[in-house]
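Each chain, written out:
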Amino acid sequence: MRAVLLLCLILPLSLAQAQSLQVQPHTFQALTVPVVALPPFAQVIEREVPALMKEARIQGAAVGLIVGGKLVYAKGFGFADHAGKVRVTPDTVFVAASLAKPIASWVTMRLAEQGRVQLDKPVADVLSPWPLAQSPFDPRLITIRRLLSHTAGTTLGGYQGWLDYKELPSLEESLAGKTNGRGAVELFAPVGVKFQYSGGGYTLMQLAIERTTQRKYSDLARELVFRPLGMKHSSVAMTPEVLAGAAQGHGDDGRPVPMRYYVEQAPSTLTTTVRDFARWMIAGMANTAGAHPLSQAQLAQMYTPAEVSTPRAPDEGVYGLGHFIERLGDGSTAVGHDGRNQAGFRAHFLMRPHSGDGIVFFSNSRSGLALDRVVCLWGADVAKADPVTACKK
C-alpha cells in the first residue's frame, strides 16, 4: 500500500516535469552533451585524409594525434576488408611492417637493462657456427648496437614474405637465403663505416637474442613491451590466428592482395592498432603519464644518431637505435619510422619526444604512401613552418 501511495506521489511530479520540458525547449539544450572542438591539426587530418584516399585509391586508414602527451584524436577512415563492409576504427588491427624495428629497440634495451644481453658484445659469441657467408670483413665487430643502428655492414633491406604460413623457414635458413627471392644476408662493408638500412641485420639480431635468452622473440616482445604498456591488441607473432581479425591488404592499384607471413619478426611483423601504438609512443616521451618501462637515459640512446666513420651523404637517413631522426623547421628533434610490405600495408609515425607531440597512421593499401603527406604537414605545423614549401605535392 505504501509502495502504491509513493508511486502516485512520484507520477504527478514526473508529468509536471515533462510538461515543463515541453513548454521550455531550451531545457533540452541544457541537457545535451556539449560538442568538443577538434584539436586544430585534426581539422587538417579530416580534410586531407579522405581526399588523399580517394586520389590514391586507399581502401582504409586509421590516424592518431598526440598533443601534450595525450592521444587527443583517433579516427578510422574507409574500410578494413576487401569487400568494403567493415569500417576502420581506431581499434582496427593493422600490419605495421617495419614499425617492428623501433619495437625491437625496446625489446633489446629492456633485455640489456636486465643483463640478459649486452649491446656492445660481439654477437658472434652466441652465433656459432656463424650463419652468414664468409666475407673479407670481420664479423666479430658486429654488435647488437650496430645491428640496431644499421651500421653493421649487413645487406637485405626488406623481405618478400610467404603466402603459406607453413612455408616459413627458420631464422638460420632465412639468413642463408631462403627469403622467397630476396637472397641471403651478407656483409658488404666494414662494421661502423656507413649507414645501410638492413632488415637482414635485424634478423641476425633476432637470432642472437633467441640464442642468448633461449626464448621466442615474440614472447619477449609481449612480456617486455606490450604487456607493461597495456597493448592488448599488439603482437609480432603474425600467425594466422593473430591476423584473422586484422585489416586486409590492397596493392598499389587498389585491388585486394593476400596476406603474407614472415619469420623475420624483429624487422617486419608488428600488428597493432592506433590506440595501442599511441600508448607506446607516449611511453617514449618525456614527462608523460602512464607506464615508462625505459628510462630517459635509455630513450636518449635511441634518439641519438649512430656514429659512422665516413661522412654522411646529404640525403642519407640519420638513424639512432630503431628510429629515424629528423630536424624539423624550428630546430626541434623528431623521431619516427615508416613501414610498407608486399601484403598491402603502409604505416608511419613521427613524434617529438621532448614536447609530447606525435602522429601515426596505418593503412591497408600500399598506396597509403600518399598519406605521408599528412605526416609532413604535421611536422610543418608543430614547427610553425610553411606547409606549402615543406610539403610540396
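So, a few notes on the structure that sits alongside this text. (Residues numbered from 1 in each chain as written. Predicted model: local features only at pLDDT ≥ 70, side-chain atom pairs only at ≥ 80, totals over all residues. Heavy atoms only, no water.)

## Looking at the packing of aromatic side chains
Each pair of aromatic rings is reported with the distance of its centres and the angle of its planes.
Then, in step 1: Overall, the coordinates contain 11 aromatic pairs when judged by the stated rule.
Then, in step 2: Three or more aromatic residues joined by ring pairs form one cluster here, namely Phe 94, Trp 106, Phe 277, Trp 280, Phe 349 and Phe 362.
Then, in step 3: Positioned above the aromatic ring of Tyr 202, the side-chain terminus of Lys 101 is 5.9 Å from the ring centre. (Phe/Tyr/Trp six-rings, centres within 6.5 Å; stacked < 30°, edge-to-face > 60°. Lys NZ or Arg CZ within 6 Å of the ring centre and 35° of its normal.)

## Some remarks on the pattern of salt bridges
Then, in step 1: A full pass over the atoms with the stated rule returns 18 salt bridges.
Then, in step 2: Note that Arg 110 and Glu 113 form a salt bridge whose closest N and O atoms lie 4.0 Å from each other. Here Glu 113 and Arg 110 lie together in helix α4 (residues 100-113), a separation of three residues that amounts to about one turn.
Then, in step 3: For Arg 110, a relative accessible area of 15% puts it in the buried group.
Then, in step 4: Judged by its relative accessible area of 48%, Glu 113 falls in the partly exposed class.
Then, in step 5: Here Arg 222 makes a salt bridge to Asp 219, at a shortest N to O gap of 3.1 Å. With Arg 222 and Asp 219 both in helix α8 (residues 217-226) and three residues apart, the pair spans about one turn of that helix.
Then, in step 6: Overall, the relative accessible area of 36% leaves Arg 222 in the partly exposed class.
Then, in step 7: If you follow the salt bridges from partner to partner, you end up with Arg 47, Glu 48 and Arg 373 in one network. (Salt bridge = Lys/Arg side-chain N within 4 Å of Asp/Glu carboxyl O. Helix = DSSP H or I, 4+ residues; strand = E, 2+ residues; numbered from the N terminus. Buried < 20%, exposed > 50% of the residue type's maximum accessible area, 1.4 Å probe, protein only.)

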